[in-house]
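Architecture and fold: a report
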Amino acid sequence: MVTALNFTDFMFRPRRPEELDSARGGGVVYSQAAHQIDVVRRLVGQPVSSVRAVAANWDSSRPSEGAYTALVTFEAGAAASLTYSGYAHYDSDELVGWIAELGYDKDPDRYGEARKRLATLSSQDEIEAKLKRTYGVPAVAADTPAPHHEHFGFIIVSCDRADLKLSPKGLSIYGDTERDFQPIEPPALPRKEVIDEFVGGCLGIRRPIHDGRWGLDTMACCVALLESSRRNTDVAPNQLLDTLSEKP
């Protein structure tokens, strides 16, 4: 089984209006669950058979799903529990040595910074602040490369003879009689593996793991998560894909 959880300030970072509208792909499910589902799908290596979830909006000032918890089962019997909250309360970076998602060291004394900053912004200021954080904006570029690998929260994989804990610095292995840690070298370039996979696919050098079908299956899991919460029942992502393909 896989245990994955991530508690962030996602809902209180500057957002465009559509990022808080679930009908237009807003909220944490389409934006953040997609990453968490990608991680567990890659670790387990099996098709997802069902999703049972609860998603919720706990703050009327940010009108979209800001948290969820889900049980994802796989065809060969594996299961993953996924939990995410973007309400800027508990910060699960504490569980990975106060390393932020992008691999930089984080100061835990800067608690509540996202909410405090957002409280000073008008609606238009918030949109402009969001645009300043988007891809390609020069001010976003960091002066120094991240000293650690990126991560997406706290993840433990429970296997037959050991538990494995992923971290931005390496892999902890908890076996029957001993514990081991396998370090990984700091990243040479941010997201180098992603870029290499993309270029390799474009040039025909190698078949990408994260191809169009992979992305479609992950989105089907996101839809299943929301549908499960609305229906209060298990939902099979592959059935959702069949239903969507039948629509004109």
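Refer to the preceding data block for the structure.
The structure displayed is predicted, hence computed values, not measured ones.

1. Details of the environment of Asp 21
Positionally, Asp 21 belongs in the loop between strand E1 (2-7) and helix H1 (27-44). For the pair Asp 21 and Gly 201, spaced 180 residues apart in sequence, the C-alpha to C-alpha distance is 33 Å. Beyond its immediate sequence surroundings of up to four residues, Asp 21 is in contact with Gly 26 and Ser 64. At 3.0 Å, the side chain of Asp 21 and the backbone nitrogen of Ala 23 are in polar contact.

2. Considering helix H4 (residues 192-203)
The end-to-end C-alpha distance of H4, which contains 12 residues, comes to 16 Å, matching closely the 16 Å that a straight helix rising 1.5 Å per residue would cover. Looking one or two places after H4, you find Gly 204, whose phi comes out positive at around 75 degrees.

3. Description of the environment of Gln 36
For Gln 36, the location among the structural elements is in helix H1. According to the relative accessible area criterion, Gln 36 is buried, its value standing at 1%. When the C-alpha atoms of Gln 36 and Asn 232 are compared, they prove to be 21 Å apart, with 196 residues separating the residues in sequence. Look past the residues within four positions of Gln 36 in its chain and what remains in contact with it is Ala 4, Leu 5, Asn 6, Tyr 68, Leu 82, Thr 83, Tyr 84 and Phe 152.

4. Some remarks on the nonpolar core
If you look at the biggest cluster of nonpolar residues, it comprises 40 residues, and the most contacted ones within it are Val 51, Tyr 68, Phe 74, Leu 82 and Leu 225. Elements that contribute at least two residues to this core include exactly E1, H1, strand E2 (48-56), strand E3 (67-74), strand E4 (79-85), helix H2 (113-118), strand E5 (154-158) and helix H5 (212-231). It is H1 that provides the largest number of residues to this core, a total of 7 residues. Among residues more than four places away in sequence, those in contact with Val 51 are Ala 70, Leu 71, Val 72, Cys 221, Ala 224, Leu 225, Ser 228, Thr 233, Asp 234, Val 235 and Pro 237.

Quick notes on the rules
- Residues numbered from 1 in each chain as written.
- Predicted model: local features only at pLDDT ≥ 70, side-chain atom pairs only at ≥ 80, totals over all residues.
- Heavy atoms only, no water.
- Helix = DSSP H or I, 4+ residues; strand = E, 2+ residues; numbered from the N terminus.
- Contact = heavy atoms within 4.5 Å.
- Polar contact = N/O pair within 3.5 Å; in protein donor to acceptor, adjacent residues only side chain to side chain.
- Expected span 1.5 Å × (residues − 1).
- Buried < 20%, exposed > 50% of the residue type's maximum accessible area, 1.4 Å probe, protein only.
- Core = buried A, V, L, I, M, F, W, Y, C linked by side-chain atoms within 4.5 Å.

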